[in-house]
Amino acid sequence: MELLYESNSYLTEHESAVSECFTEGDKIIVSLEETIFFPEEGGQYADTGILRLEGLGKDIKVLDGFLRDGKVYHVVDEPVEVGLKVLEVLNWGKRYMRMQNHSGEHVLTGTIHNYFGYDNVGFHLSDEGPVTMDVSGVLTWDQIKDMERIANTIIQKNVPISCYYPSKSKLKNLEYRSKSGIEGDVRIVRIGEGDEVYDYCACCAPHVARTGEIGLVVVLSAVKYKGGMRLEILSGQRAVEYTRMQLDTLNDIAKYLTTSSDEVLNSIRNLQANMDRQKELIGELVWEKINSEIEKQIADGRPLLFLDYDINNIAMKNAYNKLSESFEGYVGVFVGDDNKGYRFNAGSRELDSRKLAGIMREELDAKGGGNEEMIQGRVDAPRSAILDLIDRSNSKEYNCI
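Here the structure is a predicted model, which means the values were calculated and not measured.

A. Focus on helix α5 (residues 236–256). Across its 21 residues, α5 extends 31 Å between first and last C-alpha, which sits within 8% of the 30 Å expected from 1.5 Å per residue. Buried residues in α5 make contact with α2 (92–116), β14 (217–225), β15 (228–235) and α6 (264–300). The first or second residue beyond α5 is T258, which carries a positive phi of 50 degrees.

B. Representation of the packing of aromatic side chains within the structure. Tallying each qualifying case throughout the model produces 10 aromatic pairs. Between F306 and F334, the ring centres sit 5.2 Å apart and the planes meet at 20 degrees, which makes this aromatic pair stacked. In this pair, F306 is assigned in strand β16 (residues 304–307) and F334 in strand β17 (residues 331–337), connecting sequence segments 28 residues apart. The same class applies to F306 as to F334, namely buried. An aromatic cluster is built from F306, F334, Y342 and F344, whose rings are joined through pairwise contacts. Over the ring of Y73 we find R68, and its NZ or CZ is 5.7 Å from the ring centre. The aromatic ring of Y225 is capped on one face by R230, whose charged end is 4.0 Å from the ring centroid.

C. Inspection of the pattern of salt bridges at higher detail. Tallied over the full model, the rule gives 24 salt bridges. A salt bridge links E280 to R277; the nearest nitrogen and oxygen atoms lie 2.9 Å apart. Here the residue E280 and the residue R277 both occupy positions in helix α6, the gap between them amounting to three residues, near one helical turn. Shared partners join several salt bridges into a network, and the residues in it are D47, R95, R98 and D127.

D. Region of the structure containing the state of the cysteines. Enumeration according to the criterion identifies zero disulfides in this entry. We note that C163 lacks a disulfide partner, and the nearest cysteine sulfur, in C203, lies 7.2 Å from it. Here C201 is not disulfide-linked; the sulfur of C203 is the nearest cysteine sulfur, at 6.1 Å. Residue C201 is classed as buried on the basis of its relative accessible area, which comes to 8%.

E. Quick peek at the pairing of strand β19 (residues 367–370). Both β19 and strand β20 (residues 375–379) contribute to a ladder of four bridges, which runs antiparallel. Looking at the pairing, K367 lines up with R378 of β20.

F. Looking closely at the sheet that holds strand β9 (residues 120–124). If you trace the four strands from one edge of the open sheet to the other, you get β9-β10-β15-β14, paired in antiparallel fashion. Each of the sheet's edge strands pairs with one partner strand only, and the pair in question is β9 and β14. Neighbour to neighbour, the strand axes of the sheet diverge by 20 degrees on average, direction disregarded. In this fold α2 packs onto β9, β10 (131–135), β14 and β15, with an angle of close to 140 degrees to the strand it touches most, β15. With respect to the sheet, helix α3 (residues 141–156) is in contact with β14 and β15, its orientation differing from that of β14 by roughly 145 degrees.

What counts, and where the lines are drawn
Residue numbers run consecutively from 1 along every chain, following the written order of its sequence. Given that the model is predicted, a residue must reach a pLDDT of at least 70 before its local features are reported, and side-chain atom pairs must reach 80 or more before they are shown or counted; all residues, however, enter totals for whole chains, interfaces and linings. Only hydrogens and water are set aside when side-chain values are computed; all heavy atoms of the structure are taken into account. Only DSSP runs of H or I reaching four residues or more are called helices, and only runs of E reaching two or more are called strands; each is numbered from the N terminus. A helix is expected to reach a length of 1.5 Å times the quantity of its residues less one. It only takes one pair of heavy atoms within 4.5 Å for two residues to be counted as in contact. A pair of Phe, Tyr and Trp rings is counted when the ring centres sit within 6.5 Å of each other, with Trp represented by its six-membered ring. The angle between the planes then sorts it: under 30 degrees is stacked, over 60 is edge-to-face, the rest tilted. Exposure categories follow from relative accessible area, calculated using a 1.4 Å probe and restricted to protein chains: below 20% of the type maximum is buried, above 50% is exposed, and the middle band is partly exposed. Lysine NZ or arginine CZ positioned within 6 Å of the ring centre and within 35 degrees of the ring normal marks a charge as sitting over the ring. The working definition used for a salt bridge is a side-chain nitrogen of Lys or Arg within 4 Å of a carboxyl oxygen of Asp or Glu. Disulfides are defined in this document as cysteine sulfur pairs within 2.5 Å. Strands were regarded as paired on the criterion that DSSP finds at least two bridges between them. Each axis is a line fitted through C-alpha atoms, and for a helix only the stretch in contact is used; angles between axes span 0 to 180 degrees, taken between their N-to-C directions.

In structure tokens:
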């Protein structure tokens, strides 16, 4: 079998003959004497397209492909007679998109390797989401941006990309990037020529002929991953579309903020500062309201505070502390209502609050925990039942005091 995609990535149609046709499970599989369809390999999906039976006026869909024992097999939607001549027609748009993104990845990982010595230890070329590439060392975001800039400079130089099988003697003396475990002949992808070579890498996939066809490579994100970094990138037309989408979003935000796109960040910072100040003011007003209600509870000798409006955890704890300073026995702050249930902080400075937690779990199915000084959690019980339980827990007859 001749793998035509290895020598000519731009071959979109080719006439060949069916050499095998068989089934595996529910899949129909064919092999061809010569193929332009790249199988799934090395982190890249298989090519798709059709097998045109010109004499019969019929098209057979090529749905998937795989490599087995050095031979390419294609998954199709109908069986094809062995020996029949077919016209292979490649889904070129998808192939070229993958070529742009795979070649862009080579330029970027080659650049990172040249500057930092890191290896590419993982690669996946998604048709929908970003391309992911894993490098073996950690980079800062500023370093990644520098690598992106240098990679795009190489792309703009429009140097040639060559794919070839060097002889074993030449391969032995060639410094190239490679994943471990490659056996047999090694296909090399070289970026550049003469004295201007930027990368040698072992690779089985189709690539563009010159770096200029990549257009640009963009790093979308980077996170630490298994001792190195996982980068999400896009190249070619997909990078252009992504950049356009991001710029449109930025411009929409600028319009919403009634500012220019280059002032969006400052506008957001100002908004955040104003929101933080407003939260402080609101917090102060809410605490004044809570404090006023606590004073009434203390004056009336009632150790439980029920609030039907939401407050944050800090305000709840402050309210609890003020109640616990003013009453002996168990006190509590309960936020919510009988329909939705209550969040609570409860306990005592003199008594073991964990005893109260046990009683609330047993009688009211309360959830939560805490320590000797305070418990916190949630209870789905009516206010009357909570009042009754705390009242009984504070009585000597209940053996809590």
